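Fold and geometry: a report
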Amino acid sequence: MSALKVSNLYRTFGKLKAVNGVSFEIPHGAVCGFVGANGAGKTTTMRIIASLDYPTLGKAEVCGINVVHHPAEVRKLIGWMPDHFGNYEHMTVLEYLDFYARALGYKGAERRQRIEEVMDFTDLGPLASRFSNKLSKGMTQRLGLGRALLHDPQVLIMDEPAAGLDPKARVELKHLIRVLAEEGKTIFISSHILSELGEMCDSLLFINEGRIVHHGDAESLKTGSDAVGGLLYDVQVEGDPQAVSDWCVLQPNVEFLETRKQGGRIRIQSDETGAAADVLARMIKDHLRVTEYHREQRNLEDAFIDILGRLDQGQPAVPPPLPTPPSNN
Ligand code: ATP
């Protein structure tokens, strides 16, 4: 059973299909990034999963429990961190957490212990007596995370938690998310800034105009194999850089893409990384004096743009697997 399962979900506002037939599953213990432009439908999908809104059609389940039929059960399982939340004036950080711990039904020593654990984890201890509306953005986000963690939920849903944070606060937040993931929590986290998600997520779910356009692992998007097909390598050689393009012309499974310093960028028509080792071995056998040979790292923004471009042209979001090239040996 998955931690989150969304099946054919729709949410319309008048004529607008904010969520337009969304389906996906996230396994227990995974960190999944939910990526899309402003207005793509992320918050609406997350609010439905958090049992704060009803779908027009379709189903959402948290650990197998239907969010519409059993919202109270679902709320015990999830920690919800919205993109904006109010802080109460004249309430300190400690009072704020104490208020929510009481609302969750914690009493006496257990309540004090829970609050202490959460304050330790989010490093809010030194701010215990600070008024909650006098916190910086980063501190406020830590307080929001602390609140969401009070009941030790299995699944954490975070809507744009890094928005507006400075680089240091982002690093701190990423660290906290990593620790929670190591503890085995399932984390579903939205952002429209891809780079900040790539490093911490096991998979990325891309949404565009209410539809899921891709669900894949961040690594394959960054290395290019998922988004463009084939393996992209940067090759540099000693001597005449033209030698790389001349060599590629004679290879059935290697395409020369563009000239770069002392060589060029090539595409190996295979999804197997072993194919790259074979290509390098052939280059050396053919007396190319290779000084640099490394797989290209693309940024995730480019991968997302590629996917949207392919969809615009009526092609699948991800190219079909490449045929196995004939052996050159
Ligand atoms: P952002 O990154 O800006 O937060 P998002 O991907 O979270 O965007 P949503 O907030 O889910 O997007 O909104 C999706 C679409 O639904 C938008 O066009 C938005 O204007 C619309 N929408 C959301 N909530 C409502 C509502 N209560 N009434 C009418 N339209 C709504």
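In this text the structure is predicted, and so the values were computed from the model without any measurement. (Residues numbered from 1 in each chain as written. Predicted model: local features only at pLDDT ≥ 70, side-chain atom pairs only at ≥ 80, totals over all residues. Heavy atoms only, no water.)

**What to know about unusual backbone geometry**
Backbone geometry at cysteine 63 places phi at a positive 50 degrees, although glycine is not the residue there. The phi dihedral of glutamate 160 is positive, around 50 degrees, even though this residue is not glycine. Mapped onto the elements, glutamate 160 comes out in the loop between strand S7 (155-158) and helix H6 (167-182). (Helix = DSSP H or I, 4+ residues; strand = E, 2+ residues; numbered from the N terminus.)

**Some thoughts on the packing of helix H3 (residues 93-103) against helix H4 (residues 108-121)**
When two helices pack together, you describe them by how their axes are tilted relative to each other and by the distance separating the axes. Interaxial distance between H3 and H4 falls to 10 Å at its minimum, and their mutual angle equals 130 degrees. For the element pair H3 / H4, the angle class is oblique. You can see that H3 and H4 cross each other, and the crossing is right-handed. Along the contact surface, H3 presents Val93, Leu94, Leu97, Asp98, Ala101 and Arg102, while H4 presents Arg111, Ile115, Val118 and Met119. (Axes fitted to C-alpha atoms, helices over the stretch in contact; angles between N-to-C directions. Parallel < 35°, antiparallel > 145°, perpendicular 65-115°, else oblique. Left-handed = near helix turned anticlockwise from the far one by under 90°. Contact = heavy atoms within 4.5 Å.)

**Observations concerning the packing of aromatic side chains**
One pass over the full model with this rule turns up six aromatic pairs. Look at tyrosine 96 and tyrosine 100: their rings are 5.1 Å apart centre to centre, the planes differ by 55 degrees, and that puts the pair in the tilted class. Of this pair, tyrosine 96 and tyrosine 100 both sit in helix H3, separated by four residues, roughly a single helical turn. Residue classification places tyrosine 96 among the buried residues on the basis of a relative accessible area of 0%. In this structure tyrosine 100 comes out as buried when scored by relative accessible area, which is 18%. Through a chain of ring-to-ring contacts, the aromatic side chains of Phe24, Phe34 and Phe188 assemble into a single cluster. Directly above the aromatic system of tyrosine 100 lies the positively charged group of arginine 147, at a separation of 4.6 Å from the ring centroid. (Phe/Tyr/Trp six-rings, centres within 6.5 Å; stacked < 30°, edge-to-face > 60°. Buried < 20%, exposed > 50% of the residue type's maximum accessible area, 1.4 Å probe, protein only. Lys NZ or Arg CZ within 6 Å of the ring centre and 35° of its normal.)

**As for the domain arrangement of the protein**
Partitioning the protein into structural domains gives domain 1 (4-87 + 135-223 + 306-312) and domain 2 (231-297). Of note, the centres of domain 1 and domain 2, computed from C-alpha atoms alone, are 40 Å apart. (Domains from an automatic or database assignment.)

**Describing the site of the ligand**
Taken together, Phe13, Leu16, Ala18, Ala37, Asn38, Gly39, Ala40, Gly41, Lys42, Thr43, Thr44 and Glu160 form the complete shell of residues around the ligand. At 2.9 Å, a side-chain N or O of lysine 42 approaches an oxygen atom of the ligand. At a separation of 2.7 Å, an oxygen atom of the ligand approaches a polar side-chain atom of threonine 43. Protein coverage of the free-state accessible area of the ligand, which is 630 Å², stands at 59%. (Near = heavy atom within 4 Å. Polar contact = N/O pair within 3.5 Å; in protein donor to acceptor, adjacent residues only side chain to side chain. Areas by Shrake-Rupley, 256 points an atom, 1.4 Å probe, with all protein chains shown as cover.)

**Re H3**
Considered for burial, the residues of H3 that qualify are Val93, Tyr96, Leu97, Asp98, Tyr100 and Ala101. Contacts from the buried residues of H3 go to H4 and helix H5 (137-149). Count one or two residues on from H3 and you reach glycine 105, which has phi positive near 95 degrees.

**Remarks on the sheet that holds strand S13 (residues 263-268)**
Consider a sheet: its strands pair through backbone hydrogen bonds, and that pairing is either parallel or antiparallel. Taken in spatial order, the four strands line up as S12-S13-S11-S14 in an open sheet, and their pairing is antiparallel. Of all the strands in the sheet, just strand S12 (254-260) and strand S14 (290-295) have a single pairing partner and so form its edges. For this sheet, the mean inter-axis angle between neighbouring strands, taken without regard to orientation, is 25 degrees. As paired elements, S12 and S13 share six bridges and run antiparallel to each other. Among the inter-strand pairings, threonine 259 is bridged to a residue of S13, identified as glycine 264. The strands that helix H9 (residues 242-249) touches are strand S11 (231-237), S12 and S13; relative to S12, the one it contacts most, it runs at about 165 degrees. Contacting S11, S12, S13 and S14, helix H10 (residues 273-285) runs over the sheet at an angle of about 170 degrees to S14. (Pairing = 2+ DSSP bridges.)

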